[in-house]
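Listed here are the chains, written in short residue letters.
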Amino acid sequence: MLIDLHTHSTQSDGTQSPADLMRSAADARLDVVALTDHDTTRGWGEAARAVRDVGVALMPGIEISCAVDGVSVHLLGYLVDPLDAALLGELEHARASRRTRAQRMVERLAPDTGLTWADVKEQFGAETTIGRPHIADALVRRGVVASRDEAFASYLASGSKYHVSHYAPDPALATRLVRSAGGVPVMAHPFAGARGRVVDESVIERMADAGLAGLEVHHRDHSDSEIGAGLRLADRLGLLVTGSSDYHGSGKQNELGENTTDPAVFDKIVEEATSGTQVIRP
Ligand code: AMP
Ligand code: ZN
Ligand code: FE
Ligand code: FE
């Protein structure tokens, strides 16, 4: 059984539509794939409609952008009720703030790069959760940088003078929201220092107190020592351990199935959900 519990589509900053992503999951011989777009569940329907055709089960999920003292934390929420009012309110707040933030970043970038909001708007659809990768794609299109990676290493880095942050809830609050929406919260790439500052263990303890179910320990942004620390922390706090690719299509190097989750852990996540949202099986 190959189970990959973290991927992105064009509903956020992935480069494939949900249906194309499902086809790629079949090509990668996955048995289960979770669609976990940033701050939106809008891709679920299209992905679900592809399940029978491609023969891969869909775990409906989301990756919620959170922050503590300016440090970004990502929370995966599996099998939430997509219509839960409290969760939707928080997501819409973050999504609106992401749009304003992108516009402010473009204002800062314009004098030095010639970038316009019209350039960036071409990179996403009406319902897309807007992120720095869309600004990166516009910079690539303009010939300012060669790739998303190059954009993130320069103009879009969190310490860059062009960077602006957006509203994001506290991760313990988001953990409670996922639980109250009947879902199962798992902290994404908890120790991924390669992508910027990370929170210390006291924040993860607060999330555990708020109902956290698991840690995504097996992820390409973790070093061997970070994996070791993650396994020890999960053991100490009684949390499940997952592994996933965090696939973004051609927007990142991550390949489907490069990290996977144990079937017994997958079963526990499914058992813990109370929302009525279900895994869609072929
Ligand atoms: P944002 O949420 O708008 O602050 O942008 C962060 C997102 O950009 C994360 O979800 C990452 O998946 C993506 N990202 C971060 N670094 C890179 C990179 N070097 N290349 C491509 N995408 C990246
Ligand atoms: Zn992303
Ligand atoms: Fe993430
Ligand atoms: Fe992700």
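Located above this text is the structure these notes cover.
Note that the structure is predicted; figures quoted are calculated from it, not measured. (Residues numbered from 1 in each chain as written. Chains lettered and ligands numbered in written order. Predicted model: local features only at pLDDT ≥ 70, side-chain atom pairs only at ≥ 80, totals over all residues. Heavy atoms only, no water.)

Across its full length, the protein chain holds 10 helices and seven strands. The C-alpha radius of gyration of the protein chain comes to 18 Å, within 12% of the 19 Å expected for a compact globule of 282 residues. Principal-axis analysis of the C-alpha atoms places the extent of the protein chain at approximately 55 × 45 × 40 Å. By sequence separation, contacts in the protein chain at least 24 residues apart represent 73% of the contacts at least 6 residues apart. Here the protein chain has roughly 11,800 Å² of accessible surface; of this, 47% comes from carbon and sulfur atoms. In the protein chain, the 28 positive side-chain charges and the 40 negative ones have mean positions that sit 5 Å from each other. (Helix = DSSP H or I, 4+ residues; strand = E, 2+ residues; numbered from the N terminus. Rg over C-alpha atoms; globule rule 2.2 N^0.38 Å. Contact = heavy atoms within 4.5 Å. Areas by Shrake-Rupley, 256 points an atom, 1.4 Å probe, with all protein chains shown as cover. Lys, Arg positive; Asp, Glu negative; His and termini not counted. Charge placed at Lys NZ, Arg CZ, Asp CG, Glu CD.)

Turning next to the environment of Cys66. With respect to the helices and strands, Cys66 occurs in strand 3 (residues 57–68). On the accessibility criterion, Cys66 (2% relative accessible area) is buried. With 28 residues separating them in the primary sequence, Cys66 and Ala94 have C-alpha atoms 9.0 Å apart. The contacts of Cys66, once residues within four sequence positions are left out, are Val71, Ser72, Val73, Leu75, Ala168, Pro169, Asp170, Pro171 and Ala174. (Buried < 20%, exposed > 50% of the residue type's maximum accessible area, 1.4 Å probe, protein only.)

Once that is clear, we can look at the coordination of the zinc ion (ligand 2). In the first shell of the zinc ion (ligand 2), the protein supplies Asp13 (OD), Asp13 (OD), His38 (NE2) and His248 (NE2), at 2.1 to 2.6 Å from the metal. Geometry at the zinc ion (ligand 2) is irregular, judged from its six donor atoms and the angles of 52 to 144 degrees they form at the metal. Read from N- to C-terminus, the donor residues coordinating the zinc ion (ligand 2) fall into the pattern D-x24-H-x209-H. (Donors = N, O, S within 2.8 Å, 3.2 Å for Na, K, Ca; no water. Tetrahedral: all angles 85-135°; square planar, octahedral: opposite > 155°, others 65-115°.)

What follows deals with the coordination of the iron ion (ligand 3). Note on the iron ion (ligand 3): its protein donors are Glu63 (OE), His74 (ND1) and His189 (NE2). The metal-donor distances range over 2.1 to 2.2 Å. Taken in chain order, the donor set of the iron ion (ligand 3) reads E-x10-H-x114-H. Here the zinc ion (ligand 2) and the iron ion (ligand 3) are spaced 5.6 Å from one another. Taken together, the residues Glu63 in strand 3 and His189 in the loop between strand 5 (184–187) and helix 8 (201–209) connect sequence positions 126 residues apart. What makes Glu63 buried here is its relative accessible area of 1%.

Of all hydrophobic cores here, the largest spans 44 residues; its most connected members are Met22, Ile64 and Leu215. If we ignore the near neighbours within four places in the chain, the residues touching Met22 are Val33, Ala47, Ala50, Val51, Val54, Val56, Ala57 and Leu58. Among the nonpolar cores identified, the runner-up in size contains 19 residues, and Leu5, Val32, Val184 and Leu240 belong to it. (Core = buried A, V, L, I, M, F, W, Y, C linked by side-chain atoms within 4.5 Å.)

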